[in-house]
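What follows is the residue order along each chain.
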Amino acid sequence: MTNIVLVLADNLGWGELGCYGGGALRGAPTPRIDALAKQGLLLQNFNVESDCIPTRSALMTGRHPIRTGGVKSQPPGVPHGVTRREVLLPQLLKAQGYATAMFGKWHLGDLQQRLPNARGFDEWYGIPRTSHESRHTETPGFDPSVSTIPMVMQGKSGAPSEDVKVYDIKARRLIDSELIEHSIAFLQRQAQSRQPFFLYVPLTHLHFPTLPHPEFAGRSGVSEFADSMMEMDHRVGLLLDELDRLDVTKDTLFIFASDNGPEFRLPDRGTAGYWEGTYHTAMEGGLRVPCILRWPGQISAGTVSNEMVHVVDMFVTLASIAGASIPQDRPIDGIDQTAFLRNPSSKSRREGFPFYIKQELRALKWRQWKLHLMWEREPNDGPIKLESPYLFDLLQDPKESRNVLVEQSWVLEPMQKMQQAFQQSLREHPPIAPGTPTSSVNQQRFL
């Protein structure tokens with residue numbers, strides 16, 4: 001059976017890595033990830049959801065977050081993430097005999113019954129929500145009597161998760177090094193057994209505050225953001241080295257991807273490079289992010305493809321590779337891309353998808369075309385509802401600057417058919433409302 005390692009960067013834009021046109025041009029060479037790209041498949045058209053929770057919900061369920069209620073971040077104590085009605089990827093893999101571990105940023109629910117060890121992971125270490133909480137306890141006026149102290153947590157299947165330490169600025173600088181240490185220890189334990197493994201490593205870089213480990217502070221000579229990129233590249237390299245040392249590289253599908261378009265807050269703003277925009281928008285730079293897959297003997301080295309893949313496809317594809325069956329009692333939006341991965345010169349099985357921000361349909365993407373129903377170039381500019389949609393040809397207009405709806409109005413027919421089919425599915429299978437308590441939906445068994 002194939003081992004699976006999935007590393008997910010946080011808010012890493014399309015234009016940051018050297019293999020995507022950044023790297024040294026951003027003051028931060030990324031030699032380890034660039035070398036990984038030469039060993040496998042680099043996707044130029046890998047698409048995600050609007051921000052952290054929606055993408056992680058889509059990855060773990062194979063369903064667009066409008067269906068699952070995993071549409072936005074919430075503070076501690078407010079129900080968020082996905083309910084236990086959802087069947088998560090580690091549950092499927094665990095049922096196939098995989099050892100499962102998650103070390104990183106979870107962000108799919110901070111109640112005990114929604115934490116990773118209650119959702120199919122044998123063990124986990126990391127943060128239940130997000131990185132900017134690391135500022136809370138050091139913010140003047142912070143009141144722990146009314147606001148939860150953010151914590152680094154850990155847990156194992158069958159027992160409650162527990163707090164490890166306060167997640168403050170010092171812990172924020174150290175967390176990614178700790179995640180890799182836990183990951184390497186897990187790999188070493190698994191190398192002693194014949195059990196296949198699924199290792200999920202959602203790193204915290206480059207989410208704001210983008211602060212490097214002390215060993216990388218000043219490394220770039222440019223900025224803490226560039227230092228953090230160099231650190232991230234190094235951490236990924238340590239994982240790759242350990243797989244080599246344990247002689248399991250040949251049996252392992254290794255995936256490196258990002259959860260969102262680039263960070264938009266200064267001074268930590270990133271870049272989408274060739275594309276326009278950041279996360280929290282429907283601009284192409286918010287949808288399209290890095291994704292590299294290495295699968296020795298299955299994916300040809302040095303392959304690049306502009307075929308469309310969506311993060312929901314990961315759920316179905318990885319389940320297929322592991323021999324698991326996906327749920328049949330609910331709509332699954334993901335498409336099995338295994339055949340495409342094995343022959344990237346062929347066509348992806350996906351032609352398009354709808355793009356929501358929270359519960360609002362913002363855009364549709366189909367083949368080379370992008371149709372904006374709402375227009376917002378920058379987060380918080382305030383979306384404008386368009387009486388007449390904007391249509392862009394992404395092959396000729398990557399910055400989405402020239403509306404070609406009048407010249408190319410034929411494109412409306414297939415795109416609106418796709419929209420209508422998806423919305424009909426929502427009517428037939430009503431979505432779970434954001435913030436729905438676990439007790440309000442059908443339960444899955446504790447796995």
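Below or above, wherever it landed, is the structure these notes cover. Just so it is clear, the structure is predicted and the values come from calculations on it, not from any experiment.

Brief notes about the nonpolar core
Phase 1: Residues F46, F198, Y200 and L293 are the most contacted members of the largest nonpolar core, which totals 50 residues.
Phase 2: Sort the elements by how many residues they give to this core and helix α8 (residues 311–321) lands first, with eight residues.
Phase 3: Not counting residues up to four positions away in its chain, the partners in contact with F46 are A257, S258, L287, R288, V289, P290, C291, V309, H310, V311 and M314.
Phase 4: I127, V152, I175 and M230 belong to the second-largest nonpolar core, a separate cluster that totals 47 residues.

Looking at the side chain of S258
Phase 1: Mapped onto the elements, S258 comes out in strand β8 (residues 252–258).
Phase 2: Taking relative accessible area as the criterion, S258 reaches 0% and is therefore assigned buried.
Phase 3: Of the polar contacts made by the side chain of S258, one reaches the backbone oxygen of L12; its length is 2.9 Å.
Phase 4: Among the polar contacts listed, one links the side chain of S258 to the backbone oxygen of N260, at a separation of 2.9 Å.
Phase 5: Residues within four places of S258 in sequence aside, it is in contact with L8, A9, N11, L12, F46, V48, V289 and P290.

Observations regarding the sheet that holds strand β13 (residues 360–366)
Phase 1: Across the sheet, four strands lie side by side as β12-β13-β14-β15; this open sheet has antiparallel pairing. Of all the strands in the sheet, the pair left with one neighbour each is β12 (352–357) and β15 (384–393). Strand-to-strand twist in this sheet, taken as the mean axis angle between neighbours without regard to direction, amounts to 20°.
Phase 2: As defined by bridge partners, strand β14 (residues 369–375) adjoins β15 across six bridges and the pair is classed as antiparallel. Note on β15: the bridge partner recorded for H372 is Y390.
Phase 3: Of the strands in this sheet, β12, β13, β14 and β15 touch helix α10 (residues 412–428), which is tilted by about 130° from β13.

About the cut-offs
Residues numbered from 1 in each chain as written. Predicted model: local features only at pLDDT ≥ 70, side-chain atom pairs only at ≥ 80, totals over all residues. Heavy atoms only, no water. Core = buried A, V, L, I, M, F, W, Y, C linked by side-chain atoms within 4.5 Å. Buried < 20%, exposed > 50% of the residue type's maximum accessible area, 1.4 Å probe, protein only. Helix = DSSP H or I, 4+ residues; strand = E, 2+ residues; numbered from the N terminus. Contact = heavy atoms within 4.5 Å. Polar contact = N/O pair within 3.5 Å; in protein donor to acceptor, adjacent residues only side chain to side chain. Pairing = 2+ DSSP bridges. Axes fitted to C-alpha atoms, helices over the stretch in contact; angles between N-to-C directions.

Purely spatial values, then, with no claim about function.
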